[in-house]
Amino acid sequence: GFLDLRRIIEVCEKANPEVQFNLEMITRDPLRVPCLTDGYWTTFGQLPGAHLARTLSMVRRSQGARPLPRVTGRTAKDRVAFEEANVRVSFGHAREKLGLG
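Residues numbered from 1 in each chain as written. Predicted model: local features only at pLDDT ≥ 70, side-chain atom pairs only at ≥ 80, totals over all residues. Heavy atoms only, no water.

Description of a nonpolar patch on the surface
Next up, step 1: A cluster of nonpolar residues, Phe2, Leu3, Leu5 and Ile8, forms a patch on the protein surface that exposes about 380 Å² of accessible area.
Next up, step 2: Mapped onto the elements, Phe2 comes out in the segment before α1 (5–15).
Next up, step 3: Given the relative accessible area of 48%, Phe2 is considered partly exposed. (Patch = residues over 30% accessible without salt bridge, like charges linked within 9 Å, V, L, I, M, F, W, Y side chains within 5 Å. Areas by Shrake-Rupley, 256 points an atom, 1.4 Å probe, with all protein chains shown as cover. Salt bridge = Lys/Arg side-chain N within 4 Å of Asp/Glu carboxyl O. Helix = DSSP H or I, 4+ residues; strand = E, 2+ residues; numbered from the N terminus. Buried < 20%, exposed > 50% of the residue type's maximum accessible area, 1.4 Å probe, protein only.)

With respect to the environment of Gly99
Next up, step 1: Here Gly99 is to be found in the segment after α4 (76–96).
Next up, step 2: The sequence separation of Gly99 and Glu10 amounts to 89 residues, and the corresponding C-alpha distance is 9.8 Å.
Next up, step 3: Setting aside its immediate chain neighbours within four residues, Gly99 contacts Arg6 and Ala94. (Contact = heavy atoms within 4.5 Å.)

Things to note about the packing of aromatic side chains
Next up, step 1: Tallying each qualifying case throughout the model produces 3 aromatic pairs.
Next up, step 2: Here the aromatic rings of Tyr40 and Phe44 are separated by 5.5 Å at their centres, their planes lie at 35°, and the arrangement is tilted.
Next up, step 3: Owing to a relative accessible area of 29%, Tyr40 belongs among the partly exposed residues under this scheme.
Next up, step 4: Phe44 gets classed as partly exposed once you look at its relative accessible area, which sits at 36%. (Phe/Tyr/Trp six-rings, centres within 6.5 Å; stacked < 30°, edge-to-face > 60°.)

Side note on the environment of Pro69
Next up, step 1: Residue position: Pro69 is located in the loop between α3 (49–62) and α4.
Next up, step 2: For Pro69, a relative accessible area of 45% corresponds to the partly exposed category.
Next up, step 3: It is 8.0 Å that separates the C-alpha atoms of Pro69 and Arg28, two residues lying 41 residues apart in sequence.
Next up, step 4: The residues contacting Pro69, other than those within four sequence positions of it, are Arg28, Asp29, Pro30 and Phe82.

Some thoughts on the pattern of salt bridges
Next up, step 1: Here the structure, examined in full by the defined rule, presents 5 salt bridges.
Next up, step 2: As a salt-bridge pair, Arg6 and Glu10 come within 3.5 Å of each other at their nearest N and O atoms. Highlighted residues: Arg6 and Glu10, both in helix α1, separated by 4 residues, approximately one helical turn.
Next up, step 3: According to the relative accessible area criterion, Arg6 is partly exposed, its value standing at 25%.
Next up, step 4: Measuring nitrogen to oxygen at the nearest pair gives 3.2 Å for the salt bridge that ties Asp78 to Arg74.
Next up, step 5: Exposure remark for Asp78: the relative accessible area of 34% places this residue in the partly exposed category.
Next up, step 6: Salt bridges here are not isolated pairs; linked through shared partners, they connect Arg6, Arg7, Glu10 and Glu13.

In short, shape yes, function no, at least from these values alone.
Structure, rendered in structure tokens:
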């Protein structure tokens, strides 16, 4: 991601030293957001298109070098193993890089 999670955690802990964080790991194919369709924009009223352009630019600048992982085409057993591996890596990252746990 492109958020400064360590800084976000510091701000939260300063505001509330008793704050507790939860890890949510969803292992599935990345969602496709139909942001270039009329139906998507219906709920935004008269929001200028500049907001979309700015957001798309930020996303493109911030995307990782590797494609996001996918589970389509994996067996059920492989999906479970893949999800467990994701959770373990995420716990390790939270502990080692973010000072959690």
